[in-house]
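# Geometric and topological summary
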Amino acid sequence: MEKLTRLAGLAALLLGLIAAALTGLYLASPVTIFMFIALICGMLGFLTSCAYIILNQRYPVSVHIITPGMVGLLLSSAPVVYILIMNIIHKK
């Protein structure tokens, strides 16, 4: 179970990095496919981050305050936060 927990943490971190990088690419050149793929990676990263956090609570693998699942969760939320900010700005 320890290997599965570590794998879920690394997958969450990787998907979060991809989501954040594609959001940055979308900011540089607004091609809609970048944001679409970023949202998909963000959702998958969110799910794997939640799985990591649940597994880490059940089978403690790391006792650090900042874990790969938490960082992956933060990075996976980048596309959603960007869309939310753009909706708030353009609503005025």
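Quick caveat, the model's predicted, so the values are computed rather than measured.

The next thing to look at is the packing of aromatic side chains. Tallying each qualifying case throughout the model produces one aromatic pair. On the basis of an interplanar angle of 75° and a centroid distance of 5.8 Å, the ring pair of tyrosine 26 and tyrosine 82 is categorised as edge-to-face. You can see tyrosine 26 sitting in helix α1 (residues 2-28) and its partner tyrosine 82 sitting in helix α4 (residues 78-91), a full 56 residues away along the chain.

Let us look at the packing of helix α2 (residues 32-58) against α4. The contact between α2 and α4 brings their axes to 8 Å, and the two run at 125°. Between α2 and α4, the angle is such that the two are oblique. Counted together, Met35, Ala38 and Leu39 of α2 and Pro79, Val80, Tyr82 and Ile83 of α4 form the full contact between these two elements.

One turn of an α-helix holds 3.6 residues; hence residues three or four places apart share an orientation. Its 27 residues place the ends of α1 39 Å apart at the C-alpha level, agreeing with the 39 Å of an ideal helix rising 1.5 Å per residue. Looking at α1, one finds that the buried residues are Thr5, Ala8, Gly9, Ala12, Leu15, Gly16, Ala19, Leu22, Thr23 and Tyr26. The inward-facing, buried residues of α1 contact α2, α3 (68-76) and α4.

Here the focus is the side chain of serine 76. Within the element layout of this structure, serine 76 appears in helix α3. Classification of serine 76 as buried rests on a relative accessible area of 3%. Reaching out from serine 76, the side chain makes a polar contact with the backbone oxygen of glycine 72 at a distance of 2.7 Å. Setting aside residues up to four positions removed in sequence, serine 76 forms contacts with Ala12, Leu15, Gly16, Ala19, Gly42, Gly45 and Phe46.

What counts and what doesn't
Residue positions are given per chain, counted from 1 along the sequence in the order it is written. Reporting in this predicted model follows two pLDDT cut-offs: at least 70 for local features of residues, and 80 or more for side-chain atom pairs to be given and counted; totals over whole chains, interfaces and linings ignore these cut-offs and use all residues. The side-chain values count all of the structure's non-hydrogen atoms but skip hydrogen atoms and water molecules. Working definition: a ring pair exists when centres of Phe, Tyr or Trp rings (six-membered ring for Trp) sit within 6.5 Å. Plane angles under 30 degrees give stacked, over 60 give edge-to-face, the rest tilted. Secondary structure elements follow DSSP: runs of H or I of four or more residues count as helices, runs of E of two or more count as strands, with numbering from the N terminus. Angles run from 0 to 180 degrees between N-to-C directions of axes, and those axes are lines fitted to C-alpha atoms, restricted for helices to the stretch in contact. Every angle not falling under 35 degrees, over 145, or within 65 to 115 is termed oblique; those three ranges are roughly parallel, roughly antiparallel and roughly perpendicular. A contact between two residues is defined here by any heavy atoms of the two lying within 4.5 Å. Take the number of residues in a helix, subtract one, and multiply by 1.5 Å to get its expected span. When accessible area is computed with a 1.4 Å probe and restricted to protein chains, residues below 20% of their type maximum are described as buried, those above 50% as exposed, and intermediate ones as partly exposed. Under this definition, polar contacts are N or O atom pairs within 3.5 Å; protein pairs additionally need one hydrogen-donor-capable and one acceptor-capable atom, and for neighbouring residues in sequence, both atoms have to be side-chain atoms.

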